[in-house]
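# Chain and residue survey
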Amino acid sequence: MEFHVYESARAACEAAGVLIAAQITRKGDSVLGLATGSTPIPAYEMLVQWWERGVIDFDKIRTFNLDEYVGIDQKNPMSYHAFMQEHLFSKVNLRPENTNLPSGRSVTACTAYDEKIRAAGGIDIQLLGIGRNGHIGFNEPADEFTYGTHIVTLAQDTIEANARFFRSADEVPRQAISMGIGNIMAARCVVLVATGENKAQAVYDTICGPITPHVPASILQLHPCCVILADRDASKLMRK
Ligand code: GLP
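The text that follows walks through the structure, step by step, so that each part is easy to find. (Residues numbered from 1 in each chain as written. Predicted model: local features only at pLDDT ≥ 70, side-chain atom pairs only at ≥ 80, totals over all residues. Heavy atoms only, no water.)

## Here's the deal with helix 1 (residues 9–26)
Convention followed: Each helix corresponds to a stretch of at least 4 residues labelled H or I by DSSP, and each strand to a stretch of at least 2 residues labelled E; elements are numbered beginning at the N terminus. One fewer than the residue count of a helix, multiplied by 1.5 Å, yields its expected span. Type-normalised accessible area, obtained with a 1.4 Å probe on protein chains alone, sets the label of each residue: buried when under 20%, exposed when over 50%, and partly exposed for intermediate values. Contacts were defined at the residue level, with two residues in contact if any of their heavy atoms lie within 4.5 Å.
Over its 18 residues, helix 1 extends 26 Å from the first C-alpha to the last, a length consistent with the 26 Å expected when each residue adds 1.5 Å. All buried positions along helix 1 are accounted for by Ala 12, Cys 13, Ala 15, Ala 16, Gly 17, Ile 20, Ala 21, Gln 23 and Ile 24. In this structure, the buried residues of helix 1 make contact with strand 1 (2–6), strand 2 (31–34), helix 2 (41–52), strand 6 (125–128), strand 9 (189–194) and strand 10 (226–231).

Take a look at the structure:
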């Protein structure tokens, strides 16, 4: 596990954009694992800028997102489908048929998503944010790790954290469909970005704590190619 600290949140996020752009440069038909949340937005902005300048090309790139809420329409502006359209898909030359987000609430929908990732040859680079409670994707703290794509009941802490994107906490969907820990661990390289003081405990527990499903991101200690990029605030417990 590599850990890099940046002076600003924006620099930490842009560094993630650098790693993704490098992957696209090295392998033009890469499979990208993408994330939503406020953290990755500057990384997407960098990718859009480099595409506009002709530095990178998305023509043969395929993407798989980590997660989506259950029970909201894909056109709902709060959906992760809409988020990805707004921040990346509509702004670069990604082919719509090459972009994938999980959807549905059935076991069949979950296994179909896992199968599609496998059929694409697996994920080359997986971008991750992290929840205040150490969740990755929507893998919430639990008594055991979940391997594949699955339906999750969101933790109260996640509902409260994500309420800022909705009019109130009552509007936050209670369930989501998420890649599992197995999907994330199978990615060839993982880049996790954490910014802000409210992520400091999660960062510390992820890197220095025991590997436990109660801190889902702690499993990344076992990943052979995992880079954690954090700003000063998110890494403040690491400097004790
Ligand atoms: C959501 C997403 C996660 C994301 C997390 C943190 O719950 N499912 O993938 O990492 O929020 O979001 P933010 O970056 O806005 O703090």
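## Focus: the site of the ligand
How we decide: Here a residue counts as near a molecule or strand whenever at least one of its heavy atoms sits within 4 Å of it. In the analysis that follows, any N or O atom pair within 3.5 Å is treated as a polar contact, provided that within protein one partner can donate a hydrogen and the other can accept it, and provided that, for residues neighboring in sequence, both atoms belong to side chains. Surface accessibility follows the Shrake-Rupley procedure with a 1.4 Å probe radius. Residue values consider only the protein chains on display as shielding. Three categories are distinguished: nonpolar for Ala, Val, Leu, Ile, Met, Phe, Trp, Tyr, Cys and Pro, charged for Asp, Glu, Lys and Arg, and polar for the others, with Gly belonging to the last.
Inspection of the region around the ligand gives 13 residues, with Ser 38, Thr 39, Asp 67, Arg 164 and Lys 199 positioned closest. Within the side chain of Lys 199, a nitrogen or oxygen atom sits 2.7 Å from an oxygen atom of the ligand. Within the complex, 95% of the 390 Å² of free accessible area of the ligand lies under protein. In terms of residue class, the shell around the ligand is made up of three nonpolar, seven polar and three charged.

## Focus: the packing of helix 1 against helix 2
Let me state the cut-off plainly: Between N-to-C directions, angles span 0 to 180 degrees; the directions come from axes that are lines fitted to C-alpha atoms, helices contributing only their stretch in contact. Angles below 35 degrees are treated as roughly parallel, those above 145 as roughly antiparallel, those between 65 and 115 as roughly perpendicular, and all remaining angles as oblique. Put simply, a crossing is left-handed when the front helix is turned counterclockwise from the back one by less than a right angle, and right-handed when it is turned clockwise.
Where helix 1 contacts helix 2, the axes come no closer than 7 Å and their chain directions differ by 50 degrees. By the angle between their directions, the pair helix 1 and helix 2 is classed as oblique. Helix 1 and helix 2 meet at a crossing whose hand is right-handed. Together, Arg 10, Cys 13, Glu 14, Ala 16, Gly 17, Val 18, Ile 20 and Ala 21 of helix 1 and Pro 42, Ala 43, Glu 45, Met 46, Leu 47 and Trp 50 of helix 2 make up the contact between the two elements. Taken together, the residues that form the contact of helix 1 with helix 2 break down as 10 nonpolar, one polar and three charged.

## Structural notes on the pairing of strand 9
To keep it simple, the criterion reads: When DSSP finds two or more bridges between two strands, those strands count as paired. Assignment of crossover handedness uses the view with strands pointing away from the viewer, where a clockwise path from the first strand over the helix to the second indicates a right-handed crossover.
The buried fraction of strand 9 amounts to six of the six residues, a majority that puts the element mostly inside the structure. Residues Cys 189, Val 191 and Val 193 point to one face of strand 9 and Val 190, Leu 192 and Ala 194 to the other, with burial holding for every one of them. One ladder, built from four bridges, connects strand 6 with strand 9; its direction is parallel. Of the residues in strand 9, the one forming a bridge with Leu 127 is Val 191. As paired strands, strand 9 and strand 10 are joined by five bridges and run parallel to one another. Pairing of Val 193 across the sheet is with Leu 229, part of strand 10. For the crossover from strand 9 across helix 7 (residues 200–208) to strand 10, the handedness is right-handed.

## Quick word on helix 4 (residues 107–119)
A turn of α-helix holds 3.6 residues, and therefore any two residues three or four places apart point the same way. Threshold: Summarising the geometry, the arc corresponds to the directions from the helix axis toward the C-beta atoms.
When the terminal C-alpha atoms of helix 4 are compared, their 18 Å separation across 13 residues agrees well with the 18 Å that a helix rising 1.5 Å per residue should span. Along helix 4, the residues classified as buried are Cys 110, Tyr 113, Asp 114 and Ile 117. Down the axis, helix 4 shows its buried residues gathered within 95 degrees of arc, on one side only. Residues Thr 108, Arg 118 and Ala 119 are exposed on helix 4 and point more than 90 degrees away from its buried face. On its buried face, helix 4 is in contact with strand 3 (62–65), strand 5 (99–100), strand 7 (150–153), strand 8 (175–178) and helix 6 (181–186).

By themselves these figures say nothing about function.
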